[in-house]
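These are the residues of each chain, in order.
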Amino acid sequence: MSRGDCVAMEPRAGVSKQDIREQIWDHMESQNLADFPRPVHHRIPNFKGASHAAEQLPCLQAFKTARTIKVNPDAPQKNARFFVLESNKTLLVPTPRLRTGLFNKITPPPGATKDILRKCATSQGVRNYSVPIGLDSKVLVDLVVVGSVAVSEKGWRIGKGEGYADLEYAMMVSIGAVSKETPVVTIVHDCQVVDIPEELLEEHDIAVDYILTPTRVITTGCERPQPMGITWSKISREMMEKIPVLRSLRAREQQAGKDVTLQGEHQHLPEPGRQQAVPLSAGRRPPDTPGPEANSMEAARGSPAGEGAPLAADVYVGNLPRDARVSDLKRALRELGSVPLRLTWQGPQRRAFLRYPDSAAAQQAVSCLQGLRLGTDTLRVALARQQRDK
């Protein structure tokens, strides 16, 4: 495709991000540049020639030196995921809409052939050959590959409008998985490379260092700083309810003294001397505490209820296997992105109580943990108050 084929795609003055998205989606469909799944509207568009564009990824020096690479799960990057696996590098793929965590690590079976690796790189393969990576895994990402609807030669990027790629990057910053030096690559059709007015850019938008198209490799030399972490003032309560791992990260940053005021919230600072919730950590095991009436972790521990977290809510976890250990439950919670503020283990009673910052977080944890199994046993999960009433 010649550069001239993209002239019709140059945005008009005064356009919005959505205007640019619609122009590109319409153009790709009308010119039959789109590939399955179609229509490409409201997607990171797949395009004819995507596999060819991805063939240039292994040629980048940033790829050659990388050991762990995060690639988005969309169709245009399928070949990019294959090249990561074929090069025997660690492939991380974000979980769909971040519902169950941040990353999945793709683990091909031993001795996998190229055909098997190609299957592992598909969306079905990501589901069948992956294991979740917890927030405490200390993973370091050397290269990030993102999808785009539009991107400029200056490295400015527009996604499909839901903000997941930007949020994934911000979350990676939050856990120390990436730094400002971590290169970012996008793979697009030539027609998706357009001018983007600078006034459309926001502080949470990620920029790209390399653009791969079927005909070009563009080194942007972008000097725009990447997001420094999660901009909590942009996060809504609705988003917090949909993404459990966000609540875990918010609790961590709150305990570190950061401002985690959400969109539409008034900033709340803890009063000096107030007791703070103790985070779940791999090195601490709460003592077994008797008492079937205990429906909160403070009550179960014999500590003052309500101090420091007056709106906290508890989740009951029952039917624990007789040989289960607290570390087994902690690991499962991390993998699901539902790490509580506190965990009270009552092994002899085959139950535990999980404390979350508020009732919404507790309810989301109940939904997320339904069907959770330890060994061969399916756990019973309910809000602690509901369990007591039963």
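Everything here concerns the structure above.
About the cut-offs
Residues numbered from 1 in each chain as written. Predicted model: local features only at pLDDT ≥ 70, side-chain atom pairs only at ≥ 80, totals over all residues. Heavy atoms only, no water. Helix = DSSP H or I, 4+ residues; strand = E, 2+ residues; numbered from the N terminus. Buried < 20%, exposed > 50% of the residue type's maximum accessible area, 1.4 Å probe, protein only. Contact = heavy atoms within 4.5 Å. Areas by Shrake-Rupley, 256 points an atom, 1.4 Å probe, with all protein chains shown as cover. Phe/Tyr/Trp six-rings, centres within 6.5 Å; stacked < 30°, edge-to-face > 60°. Lys NZ or Arg CZ within 6 Å of the ring centre and 35° of its normal. Salt bridge = Lys/Arg side-chain N within 4 Å of Asp/Glu carboxyl O. Polar contact = N/O pair within 3.5 Å; in protein donor to acceptor, adjacent residues only side chain to side chain. Pairing = 2+ DSSP bridges. Right-handed = clockwise from strand over helix to strand, strands pointing away. Core = buried A, V, L, I, M, F, W, Y, C linked by side-chain atoms within 4.5 Å. Axes fitted to C-alpha atoms, helices over the stretch in contact; angles between N-to-C directions.

In this section: the overall build of the protein. Each helix and strand in the protein was counted, giving 13 helices and 16 strands. Among the 390 residues that make up the protein, the fraction classed as buried is 51%. A separation threshold of at least 6 residues defines the contact pool for the protein, and within that pool the share at least 24 residues apart is 67%. For the protein, the computed accessible surface area is about 18,600 Å², with 49% contributed by carbon and sulfur atoms.

Okay, the packing of aromatic side chains next. Applying the stated criterion across every chain yields a total of two aromatic pairs. When the centroid spacing of 5.5 Å and the interplanar angle of 55° are considered together, the rings of Phe82 and Phe83 count as tilted. Its end group placed over the ring of Phe63, Lys89 keeps NZ or CZ at 5.2 Å from the ring centre. Across the ring face of Phe82, the terminal group of Arg118 is positioned such that the distance to the ring centre comes to 3.8 Å.

Take the pattern of salt bridges next. This model, assessed by the stated rule, comprises 13 salt bridges. Measuring nitrogen to oxygen at the nearest pair gives 3.0 Å for the salt bridge that ties Asp358 to Arg237. Of this pair, Asp358 sits in the loop between strand E13 (351-356) and helix H12 (359-369) while Arg237 sits in helix H8 (residues 237-242); the two residues are 121 residues apart in sequence, bridging distant segments of the chain. By relative accessible area, Arg237 is classed as partly exposed at 34%. Here the salt bridges do not stand alone but share partners, grouping Lys17, Glu202, Asp205 and Lys234 into one network.

With respect to the secondary-structure elements, Thr213 resides in the loop between strand E9 (210-212) and strand E10 (217-219). Within the structure, Thr213 has its side chain in polar contact with the side chain of Asp190 (distance 3.0 Å). With sequence-adjacent residues up to four places away left out, Thr213 is seen in contact with Ala53, Gln56, Val188, His189, Asp190 and Val193.

Moving on: the pairing of strand E2 (residues 90-94). The buried fraction of E2 is high, at four of five residues. Bridge count between strand E1 (residues 68-71) and E2: three bridges; the pairing is parallel. Bridge pairing links Ile69 to Leu91 in E2. The parallel pair E1 and E2, bridged by helix H4 (residues 78-86), forms a crossover whose chirality is right-handed. Bridge count for E2 against strand E3 (residues 103-106) is three bridges, and the pairing is antiparallel.

The omega torsion of the bond from Phe36 to Pro37 falls at 0°, within 30 degrees of zero and hence cis. Of note, Pro37 is situated in the loop between helix H1 (17-30) and helix H2 (50-54). A cis amide bond links Arg38 to the next residue, Pro39, at an omega of 0°. The residue Pro39 is located in the loop between H1 and H2 in this model. The phi dihedral of Asn319 is positive, around 65°, even though this residue is not glycine. Its location among the elements puts Asn319 in the loop between strand E11 (313-318) and helix H11 (326-336). For Asn319, a relative accessible area of 22% translates into the label partly exposed. At Arg350, a residue that is not glycine, the phi angle is positive and equals roughly 60°. Structurally, Arg350 can be placed in the loop between strand E12 (342-346) and E13.

It is worth spelling out the nonpolar core at this point. Soluble globular proteins: nonpolar side chains tend toward being buried together. Core analysis: the largest hydrophobic core is formed by 48 residues, its most contacted members being Ile20, Met28, Leu57, Phe63, Ile69, Leu143 and Ile187. Ranked by the residues each element gives to this core, the list is headed by H4, at five residues.

Turning our eyes to something else, we now look at the environment of Leu200. Relative to the elements of secondary structure, Leu200 occurs in the loop between strand E8 (184-187) and E9. By relative accessible area, which is 17% here, Leu200 ends up buried. Once the C-alpha coordinates of Leu200 and Lys17 are considered, the two residues, 183 residues apart in sequence, prove to be 6.8 Å apart. Apart from the residues within four sequence positions on either side, Leu200 is in contact with Val15, Ser16, Lys17, Ile20 and Asp205.

Take the sheet that holds E1 next. The pairing of strands in a sheet happens through backbone hydrogen bonds and is either parallel or antiparallel. Sheet architecture is open: eight strands sit in the order E4-E3-E2-E1-E5-E8-E9-E10, paired in mixed fashion. Single-partner strands in this sheet number two, and they are strand E4 (130-133) and E10. Pairs of neighbouring strands in the sheet enclose a mean axial angle of 25°, with direction left out of account. Pairing between E9 and E10: three bridges, direction antiparallel. Opposite Tyr210, over in E10, you have Thr219 as the bridge partner. Along the sheet, H4 contacts E1, E2, E3 and E8; its crossing angle with E2, the most-contacted strand, is approximately 150°. Against the sheet, helix H7 (residues 164-174) engages E1, E2, E3, strand E5 (143-146) and E8, with an angle of about 150° to E1.

Let's shift gears to the sheet that holds E12. Across the sheet, which stays open at both edges, the four strands sit in the order E12-E13-E11-E16 with antiparallel pairing between neighbours. In this open sheet, the two edge strands, each paired with only one partner strand, are E12 and strand E16 (380-383). Neighbour to neighbour, the strand axes of the sheet diverge by 20° on average, direction disregarded. Across five bridges, E12 lies against E13 in antiparallel orientation. Looking at E13, one finds that Trp345 is bridged to Ala352. Here H11 sits on the sheet and contacts E12 and E13; the angle it forms with E12, its principal contact strand, is near 145°. Across the sheet, H12 touches E11, E13 and E16, and the angle it forms with E16 is around 160°.

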